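The lines below spell out each chain.
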Amino acid sequence: MSIEVNSRKIDWVKNETIKHLLRRMKYTFPLVVVKINNQVIPRSDFSNVIVPDNSKIDVIHMISGG
Amino acid sequence: MISIELIKAGYKKGNAIYMNRAKFDRIRKKLRNASVGIAGVGGLGSNAAVALARTGIGRLVLVDFDKVEESNLDRQYYFLDQIGKTKVDAIKENISRIDSNVKVENYNLKLKKGSMSEAFKDVDIVIEALDNATTKTEFIEEILSNLPEKPVVAASGVTGYGHSDRIITKRLGKLYMCYDEHALSSEDDILMAPRVCLIANWEANLALEIILGEDK
């Protein structure tokens, strides 16, 4: 009952959407991309898609500076 | 480090010490016919533009609204006597002092949501070299949706010093990100020449890789 977010193992929460997961991880940067098991999830689906158990999630941040 | 003068000298003499002449000709020709657009010519963009100019790139399209300030000189490719000039004019001047054959198209304007992709319609590759995370994200999304065939090279995580080996390239379709996920935002950390230039050159190097493909 766990998932891996950016190579960090955390508890899986039943019925958790991507939006809620991002909030739980305190990811407040503007996001470029979220991938679940290597599949890109469109931003418009962040509040619909439920994170499956045992999934591997990549979140790519956009960080200020240039 | 081999200077341009040495390469040209070697090339003129047909000297094969530095490189295979056929490869040299092939690469220079490809680059002379290539164009790169750069959004922002601050820390990332000014250094990436100069690196690409030194390769003999054919055309650069540069967009920035800002003027050169003294505080930029810690990492951006400008000089004390250029303070007050627009960055696009100053970088054009610096490029012309390196290679006058590089065509530089300048746009002294602020990229506005909804029309960000306009200046970049007819370049081969777009480099995102902006500073603010929200603007960076908006720019990438706008290029990817308005110009879906265009490769976009972007950067995220340039602050601080050290940790060169944390930087990676992430590829997602047409988007190539120079990325350090552990770096802090520029609101919470310092921007310094070594890492900013490293990532600027990483972006330029990625652009070359996309233009030239694998040439062994």
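In what follows, the structure referred to is the one given above.
Residues numbered from 1 in each chain as written. Chains lettered and ligands numbered in written order. Predicted model: local features only at pLDDT ≥ 70, side-chain atom pairs only at ≥ 80, totals over all residues. Heavy atoms only, no water.

A. Quick look at the environment of Ile-95 of chain B. Residues and elements named next belong to chain B. Note on placement: Ile-95 falls in helix α4 (residues 87-96). Taking the C-alpha atoms as reference points, Ile-95 and Glu-138, 43 residues apart in sequence, are found 29 Å from one another. For Ile-95, the contacting residues outside a window of four places in its chain are Ala-49, Ala-53, Leu-60, Leu-62, Val-102 and Val-104. (Helix = DSSP H or I, 4+ residues; strand = E, 2+ residues; numbered from the N terminus. Contact = heavy atoms within 4.5 Å.)

B. Quick peek at the sheet that holds strand β6 (residues 168-172) of chain B. Residue and element names in this part refer to chain B. Ordered in space as β3-β2-β1-β4-β5-β7-β6, the 7 strands form an open sheet in which the pairing is mixed. The open sheet terminates on both sides in strands that have one partner only, identified here as β3 (103-107) and β6. With strand direction ignored, the average angle separating the axes of adjacent strands in the sheet is 20°. Summarising the sheet, strand β1 (residues 35-39) and strand β4 (residues 125-128) pair through 4 bridges and their orientation is parallel. For Val-36, the partnering residue across the bridge sits in β4 and is Ile-125. (Pairing = 2+ DSSP bridges. Axes fitted to C-alpha atoms, helices over the stretch in contact; angles between N-to-C directions.)

C. Geometry of the pairing of β6 of chain B. All names here are of chain B. Bridge count for β6 against strand β7 (residues 175-179) is 5 bridges, and the pairing is antiparallel. If you follow Arg-171 over to β7, its bridge partner there is Tyr-176. Where β6 hands over to β7, the hairpin turn is made up of 2 residues, of which Gly-173 adopts a positive phi near 60°.

D. Seen up close, the sheet that holds strand β5 (residues 56-61) of chain A. All names here are of chain A. Ordered by their spatial adjacency, 5 strands build an open sheet running β2-β1-β5-β3-β4, and the pairing between neighbours is mixed. This sheet does not close on itself; its edge strands, each paired only once, are β2 (8-11) and β4 (39-41). Averaged over all adjacent pairs, the angle separating strand axes in this sheet is 30°, with direction ignored. By the bridge criterion, 5 bridges tie strand β3 (residues 31-36) to β5 in an arrangement that is antiparallel. Residue pairing in the sheet places Val-34 in a bridge with Val-59 of β5.

E. Broad picture of the nonpolar core. Residue and element names in this part refer to chain B. The biggest cluster of nonpolar side chains holds 42 residues, and the ones touching the most others in it are Ile-38, Leu-52, Ile-57, Leu-60, Leu-62 and Ile-95. When residues of this core are traced back to their parent elements, those giving at least two are β1, α3 (43-54), β2 (59-63), α4, β4, β5 (152-156), β7 and α6 (193-212). In terms of residues, this core owes the most to one element, α6, which gives 9 residues. Excluding residues that lie within four positions of it along the chain, Leu-52 makes contacts with Val-36, Ile-38, Ile-57, Leu-60, Ile-127, Ala-204 and Leu-208. (Core = buried A, V, L, I, M, F, W, Y, C linked by side-chain atoms within 4.5 Å. Buried < 20%, exposed > 50% of the residue type's maximum accessible area, 1.4 Å probe, protein only.)

F. Spotlight on the interface of chain A and chain B. Taken together, the contacts link 18 residues of chain A with 32 residues of chain B. Viewed at the interface, chain B and chain A are joined by 1 salt bridge. With its nearest N and O atoms 2.3 Å apart, the salt bridge here joins Glu-141 of chain B to Arg-43 of chain A. For the pair chain A and chain B, the number of links is 10 residue pairs in polar contact (both at pLDDT 80 or more). Taken together, the elements giving at least two residues each to the side of chain A that touches chain B come down to β3 and β5 of chain A. The class makeup of the residues in the side of chain A that touches chain B is 10 nonpolar, 5 polar and 3 charged. (Salt bridge = Lys/Arg side-chain N within 4 Å of Asp/Glu carboxyl O. Polar contact = N/O pair within 3.5 Å; in protein donor to acceptor, adjacent residues only side chain to side chain. Nonpolar A, V, L, I, M, F, W, Y, C, P; charged D, E, K, R; others polar.)

G. Structural view of α4 of chain B. All names here are of chain B. Turning to α4, its buried residues are Lys-87, Val-88, Ala-90, Ile-91, Asn-94 and Ile-95. Down the axis of α4, the smallest arc covering the buried residues is 160°, so these residues share one side. Each element contacted by the buried residues of α4 is listed here: α3, β2 and β3. (Arc of directions from axis to C-beta.)

H. Broad picture of the packing of aromatic side chains. Residue and element names in this part refer to chain B. As enumerated under the stated definition, the model contains 2 aromatic pairs over all chains in all. Taking the centre distance of 6.0 Å and the plane angle of 85° together, the rings of Tyr-77 and Phe-79 count as edge-to-face. Residue class for Phe-79 comes out partly exposed when judged on its relative accessible area of 38%. Between the aromatic rings of Phe-120 and Phe-139, the centroid separation amounts to 5.7 Å while the plane-to-plane angle is 85°, which identifies the pairing as edge-to-face. Taken together, the residues Phe-120 in the loop between β3 and β4 and Phe-139 in helix α5 (residues 133-146) connect sequence positions 19 residues apart. The burial state of Phe-120 is the same as that of Phe-139; both residues are buried. A cation sits over an aromatic face here: Lys-110 above Phe-65, 4.1 Å from the ring centre. (Phe/Tyr/Trp six-rings, centres within 6.5 Å; stacked < 30°, edge-to-face > 60°. Lys NZ or Arg CZ within 6 Å of the ring centre and 35° of its normal.)

The values are spatial; any link to function lies outside them.
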